[in-house]
Amino acid sequence: MDLYSINCIHVGNRNALYSIPPEYGHEFELLANRFFPTKPANCPAFLRHKVTMISPNILEQNAIPYNKITQEKGEFIITFPFGYHSGFNYGFNMAETIHFASSPRWVEYGIKASLCHCRKDSVKICMDTFIKLYFNSVS
C-alpha cells in the first residue's frame, strides 16, 4: 500500500539498503516488467512479493537513480511511499520495521497503490475512510 516505514537494527550485524526515489517508481516498474515479462501477467504487483532483485548496474544503465546506505545497529532508516527499496544483511541481526501513514500526503499513494491479487495474505487497506477524511479536509 506504499506506506512509509521506519526500520531499526536492535542487535547484530549491519544491513545494506538500496532505494529508488519515489519519483522514479514508475520507471522502475516499467524496467522490471521488461526484465520479467511473464511476472506482470501472473500478478501486476509482483514486485511487492519481495523476491525480485535488479542490479544497481542495470539501474544505472537505464538512468534510474538509486541510493545505497549501510545501516548500523541502533540506527533508524525511514522509507517513503512508492520508494522501492531492497537490501541484505551482512550477518545475523534482530531488526524491526514498522509501516505507517501519518500524513494526508500518503492518501494519494494509498489510492494509487498496485495490489497483489494472487496471495490471500497480501496487505490491503480499505481507503474509503481516508478518502472521506482527505477530500473533506481539502474542500
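If you're wondering where the values come from, they're calculated on a predicted model, not measured in any experiment.

The next subject is the overall build of the chain. Secondary structure assignment for the chain yields five helices and six strands. Its helices and strands in sequence order give the chain the pattern β-β-α-α-α-β-β-β-β-α-α, from N to C terminus. The principal-axis extent of the C-alpha atoms belonging to the chain is close to 45 × 40 × 30 Å. When each of the 139 residues of the chain is scored for burial, the buried share is 30%. For the chain, long-range pairs separated by at least 24 residues make up 83% of all intrachain contacts whose partners lie at least 6 apart in sequence. Summed over all atoms, the accessible surface of the chain reaches about 9100 Å², with 57% contributed by carbon and sulfur.

Time to look at the pattern of salt bridges. Taken as a whole, this structure holds one salt bridge when the rule is applied. With a closest N to O distance of 3.1 Å, Asp 2 and Arg 48 form a salt bridge. In this pair, Asp 2 sits in the segment before β1 (4-12) while Arg 48 sits in the loop between α2 (39-42) and α3 (56-61), placing the two residues 46 residues apart along the sequence. Residue Asp 2 is classed as buried on the basis of its relative accessible area of 10%. Residue class for Arg 48 comes out partly exposed when judged on its relative accessible area of 24%.

The next subject is the UniProt feature "domain: JmjC" (unreviewed entry) in the chain. Feature annotation in UniProt places "domain: JmjC" (unreviewed entry) on residues 1-118, given in this structure's numbering. Taken end to end, residues 1-118 is 25% helix and 31% strand, and its first and last C-alpha atoms sit 15 Å apart.

Attention now goes to helix α1 (residues 25-35). Among the residues of α1, Gly 25, Phe 28, Glu 29, Leu 31 and Ala 32 are the ones counted as buried. Angular distribution of buried residues about the axis of α1 spans 165°; they occupy a single face of the element. Of the residues in α1, the exposed ones pointing more than 90 degrees away from the buried face are His 26, Leu 30 and Arg 34. Looking at the packing, one finds that the buried side of α1 touches α3.

The subject of this paragraph is the pairing of strand β2 (residues 15-19). Where burial is concerned, most of β2 is hidden: four out of the five residues are buried. Taken together, the five bridges between β2 and strand β3 (residues 67-71) define a ladder with antiparallel strand orientation. Paired with Tyr 18 across the bridge in β3 is Lys 68. Direction of pairing for β2 relative to strand β5 (residues 85-89): antiparallel, over a ladder of five bridges. Opposite Tyr 18, over in β5, you have Ser 86 as the bridge partner.

The rules behind the values
- Residues numbered from 1 in each chain as written.
- Predicted model: local features only at pLDDT ≥ 70, side-chain atom pairs only at ≥ 80, totals over all residues.
- Heavy atoms only, no water.
- Helix = DSSP H or I, 4+ residues; strand = E, 2+ residues; numbered from the N terminus.
- Buried < 20%, exposed > 50% of the residue type's maximum accessible area, 1.4 Å probe, protein only.
- Contact = heavy atoms within 4.5 Å.
- Areas by Shrake-Rupley, 256 points an atom, 1.4 Å probe, with all protein chains shown as cover.
- Salt bridge = Lys/Arg side-chain N within 4 Å of Asp/Glu carboxyl O.
- UniProt positions renumbered as here; feature names shortened; annotations may be inferred.
- Arc of directions from axis to C-beta.
- Pairing = 2+ DSSP bridges.

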